[in-house]
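# A look at the structure
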Amino acid sequence: MAAEPGREPATAEQVEAAWQDTKLAQVLYHDWESGSYDEKWSISFDQRCTDYARDRFTAVAGVPPRPYGRSLEIGAGTGFFTLNLMLAGLIEHGTVTDISAGMVEVALANAGRLGLDVEGQVVDAERLPFPDDSFDLVVGHAVIHHLPDVASAFAEIARVLRPGGRVVICGEPTRVGHRVARRLSSLTWSATRALTRLRPLRSWARPEAELDESSRAAALEAVVDLHTFDPDELAATVRAAGLVGVRTHTDELTAAWFGWPVRTVEAALTEERLGFRWRMFAYRSWLTLDRVDRRLSAVVPPGWYYNVSVTAFTHR
Ligand SMILES: C[S@@+](CC[C@H](N)C(=O)[O-])C[C@H]1O[C@@H](n2cnc3c(N)ncnc32)[C@H](O)[C@@H]1O
């Protein structure tokens, strides 16, 4: 069922078939996305993303006394989380897995460029092909909302962790946060499209052919995004898998209200019109809002934030 990594968008027939088969949808969508994924999400392996990955990890799991030896990542994509956590000195040896062969290929290429000790494998997170007690740490970032059976994935994670091993899953959409972000993105899309229909701004719009391609991908996005989470319900799912010491953490409130419209503007306009100054403006503004959000956490309910992270460990 593998599609060509990062090359062709899915055809209308494939999209049709994928409506009935969510795993096929994941493979088609993410294989296609793999070639441009790092650019689309501004993923890099430098101080900016290393700080982001380390902060998300330690906000929920704390700073470990020493690096984790053997780490497994599920739904690793192009390696954003594992490779940046390795650069941050939190992981010694990483195994990156994903259901998309295209993603694993890009993740290994990124690891190779960085000179990191990483293995890669195509793996469905609901059926991990590893013996019991194989890893000290299992991580995931923005992945479990794609899994039809989240409970099975946590049972598998618990099985492959050694006694006392830890799981850290970050960057999952909350129910409320996701609803607000979607609404803001769709308003931004309508406003940007209306503005770029005005004669003086027409050359700012991304060409129709590229937009057609993104809307076909967007059709599949509706099939691959399966869940949003309430932090307490997520914690209960993790506990039901037999894991202990469960803790959740949420982040990004105003930062998400800003970040999702920014990404929408970037999708609607041509690359050349935006450029470096726009990216610096977007990044600096996001950092400021993220700081504000941390202060607001004293008064805002956790479930209103956009991202939820969860951690727990095995006790056998
Ligand atoms: C939103 S991307 C996140 C990628 C990466 N973790 C990151 O944060 O950049 C979700 C990833 O989950 C993968 N995925 C979806 N369903 C999966 C499954 N059942 N098992 C393993 N990976 C899966 C996709 O192929 C995709 O690479």
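Below you will find a few notes about this structure. (Residues numbered from 1 in each chain as written. Predicted model: local features only at pLDDT ≥ 70, side-chain atom pairs only at ≥ 80, totals over all residues. Heavy atoms only, no water.)

Our focus in this paragraph is the overall build of the chain. The secondary structure content of the chain amounts to 12 helices and 7 strands. Against the globule reference of 20 Å for 316 residues, the chain gives a C-alpha radius of gyration of 19 Å, in line with a compact fold. The buried share of the chain, taken over its 316 residues, is 51%. For the chain, the share of sequence-separated contacts (at least 6 apart) that also reach a separation of at least 24 residues comes to 81%. For the chain, the exposed surface amounts to about 15,000 Å²; the carbon and sulfur share of it is 56%. (Helix = DSSP H or I, 4+ residues; strand = E, 2+ residues; numbered from the N terminus. Rg over C-alpha atoms; globule rule 2.2 N^0.38 Å. Buried < 20%, exposed > 50% of the residue type's maximum accessible area, 1.4 Å probe, protein only. Contact = heavy atoms within 4.5 Å. Areas by Shrake-Rupley, 256 points an atom, 1.4 Å probe, with all protein chains shown as cover.)

A separate point is the pairing of strand 7 (residues 307-313). Here strand 7 lies mainly inside the structure; 6 of its 7 residues are buried. Relative to strand 7, strand 5 (residues 161-173) runs antiparallel, the two sharing 6 bridges. Its bridge partner lying in strand 7, Pro173 is registered against Asn307. (Pairing = 2+ DSSP bridges.)

Before going further, it helps to spend a moment on the side chain of Ser71. As for its position among the elements, Ser71 is in strand 1 (residues 68-73). For Ser71, the residues in contact, after removing those within four places along its chain, are Ile91, His93, Gly94, Thr95, Phe135, Leu137 and Val139.

Right, let's talk about unusual backbone geometry for a bit. Located in the positive-phi region is Asp133, a residue other than glycine, with phi close to 60 degrees. Checked against the element boundaries, Asp133 lands in the loop between strand 3 (118-122) and strand 4 (135-141).

One pass over the structure, following the stated rule, counts 11 aromatic pairs. Aromatic pair Tyr52 and Phe80: ring centres 6.1 Å apart, planes at 55 degrees, arrangement tilted. Taken as a pair, Tyr52 in helix 4 (residues 47-61) and Phe80 in helix 5 (residues 80-87) lie far apart in primary sequence, 28 residues in all. The two residues Tyr52 and Phe80 agree in class, both being buried. With a centroid separation of 6.3 Å and 20 degrees between ring planes, the pair formed by Phe80 and Phe81 is classed as stacked. Each member of the pair, Phe80 as well as Phe81, carries the same accessibility label: buried. Here the aromatic cluster, defined as three or more aromatic residues joined through ring pairs, consists of Tyr37, Trp41, Trp260 and Tyr306. We note Arg48 situated over the ring of Tyr283; from NZ or CZ to the ring centre the distance is 5.5 Å. Above the face of the Trp260 ring, Arg263 is positioned so that its terminal group lies 4.5 Å from the ring centre. (Phe/Tyr/Trp six-rings, centres within 6.5 Å; stacked < 30°, edge-to-face > 60°. Lys NZ or Arg CZ within 6 Å of the ring centre and 35° of its normal.)

Here is a general trend for soluble globular proteins: nonpolar side chains tend to be buried in one another's company. By size, the foremost hydrophobic cluster in this structure holds 36 residues, and its most contacted members are Phe57, Phe80, Phe81, Leu85, Leu137, Val139 and Val168. Going through the elements one at a time, helix 4, helix 5, strand 2 (91-98), helix 6 (101-114), strand 4, strand 5, helix 11 (254-268) and helix 12 (271-296) are the ones with two or more residues in this core. When residues of this core are assigned to their parent elements, the largest contribution, 6 residues, is made by helix 4. Setting aside its immediate chain neighbours within four residues, Phe57 contacts Gly62, Tyr68, Phe81, Leu85, Leu90, Leu137, Val139, Val168 and Cys170. If you look at the next biggest cluster of nonpolar residues, it comprises 29 residues, including Ile74, Val150, Leu161 and Ile169. (Core = buried A, V, L, I, M, F, W, Y, C linked by side-chain atoms within 4.5 Å.)

Attention shifts here to the environment of Ala142. Its location among the elements puts Ala142 in the loop between strand 4 and helix 7 (150-160). For Ala142, a relative accessible area of 26% corresponds to the partly exposed category. Placed 145 residues apart in sequence, Ala142 and Leu287 show a C-alpha to C-alpha distance of 20 Å. The residues touching Ala142, leaving out its near neighbours within four places in the chain, are Cys170, Gly171 and Glu172.

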